[in-house]
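Below are the chains, spelled out letter by letter.
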Amino acid sequence: MNAFSSLEKMLDPARPCFTAETAANIIQIEPDPARAERMEELAGKANEGRLSRDEESEYWSFIYAGKMMSILKLQARLFLKRQAA
């Protein structure tokens, strides 16, 4: 089991951990512009095969964080959809 499947199970829509307010706030979270710029820089270097070991670690950290935020936002949207039904 990896961190993403663990997060999905923790945020099972059948057992919501959100309130309407927290779910709405989570959906509105946007990446920090400076971090987004850094991610783009690292992505460019990755595509060219020029990442150092430290940069590769940083790049994958951004990828994992992005995946986790996507899961969290999806779960928040599902929660709000079910609340509205």
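What you see is a predicted model, and the numbers here were worked out from it, not measured in a lab.

1. Focus on the layout of surface pockets
Next, step 1: Computed from the structure, the largest pocket encloses a volume of approximately 300 Å³.
Next, step 2: Ile29, Glu30, Pro31, Asp32, Arg35, Ala36, Met39, Phe62, Ala65, Gly66, Met69 and Lys73 together form the lining of the largest pocket.
Next, step 3: Contributions of two or more residues to the lining of the largest pocket are made by α3 (33-47) and α4 (53-84).
Next, step 4: Looking at the lining of the largest pocket, the element that brings in the most residues is α4, giving five residues.
Next, step 5: A breakdown of the residues in the lining of the largest pocket according to their chemical character gives seven nonpolar, one polar and four charged.

2. Description of the packing of helix α2 (residues 20-28) against α4
If you want to describe how two helices pack, look at the angle between their axes and the distance between the axes.
Next, step 1: Closest axis-to-axis distance for the α2/α4 pair is 9 Å, and the angle between their directions is 140 degrees. As far as their axial angle goes, α4 and α2 are oblique. The crossing of α2 and α4 is left-handed. The residues of α4 that touch α2, namely those facing Ala20, Ala23, Ala24, Ile26 and Ile27, are Leu72, Lys73, Ala76, Arg77, Phe79 and Leu80.
Next, step 2: When its residues are assigned to classes, the contact of α2 with α4 shows nine nonpolar, no polar and two charged.

3. Focus on the packing of α3 against α4
Next, step 1: It is at 10 Å that the axes of α3 and α4 come closest, and there the two elements cross at 120 degrees. On the basis of their axis angle, the class for α3 and α4 is oblique. In the crossing of α3 with α4, the sense of the turn from one axis to the other is left-handed. Counted together, Arg35, Arg38, Met39, Leu42, Ala43, Lys45 and Ala46 of α3 and Glu55, Glu58, Tyr59, Phe62 and Ile63 of α4 form the full contact between these two elements.
Next, step 2: Residues that form the contact of α3 with α4 fall into these classes: seven nonpolar, no polar and five charged.

4. Considering the environment of Ser61
Next, step 1: Mapped onto the elements, Ser61 comes out in helix α4.
Next, step 2: Overall, the relative accessible area of 44% leaves Ser61 in the partly exposed class.
Next, step 3: Between the alpha carbons of Ser61 and Met39 there is a distance of 9.8 Å; along the sequence they are 22 residues apart.

5. Observations regarding the environment of Glu56
Next, step 1: With respect to the helices and strands, Glu56 occurs in helix α4.
Next, step 2: By relative accessible area, Glu56 is classed as partly exposed at 39%.
Next, step 3: On a C-alpha basis, the gap between Glu56 and Ala46 in space is 7.7 Å, while along the polypeptide they are ten residues apart.

Reading the values: rules and limits
- Residues numbered from 1 in each chain as written.
- Predicted model: local features only at pLDDT ≥ 70, side-chain atom pairs only at ≥ 80, totals over all residues.
- Heavy atoms only, no water.
- 1 Å grid on protein atoms, 1.4 Å probe; cavity = no way out; pocket = protein on both sides within 12 Å on 5 of 7 lines; lining within 4 Å.
- Points joined across faces, edges and corners; volume = space filled by probe spheres on them.
- Helix = DSSP H or I, 4+ residues; strand = E, 2+ residues; numbered from the N terminus.
- Nonpolar A, V, L, I, M, F, W, Y, C, P; charged D, E, K, R; others polar.
- Axes fitted to C-alpha atoms, helices over the stretch in contact; angles between N-to-C directions.
- Parallel < 35°, antiparallel > 145°, perpendicular 65-115°, else oblique.
- Left-handed = near helix turned anticlockwise from the far one by under 90°.
- Contact = heavy atoms within 4.5 Å.
- Buried < 20%, exposed > 50% of the residue type's maximum accessible area, 1.4 Å probe, protein only.

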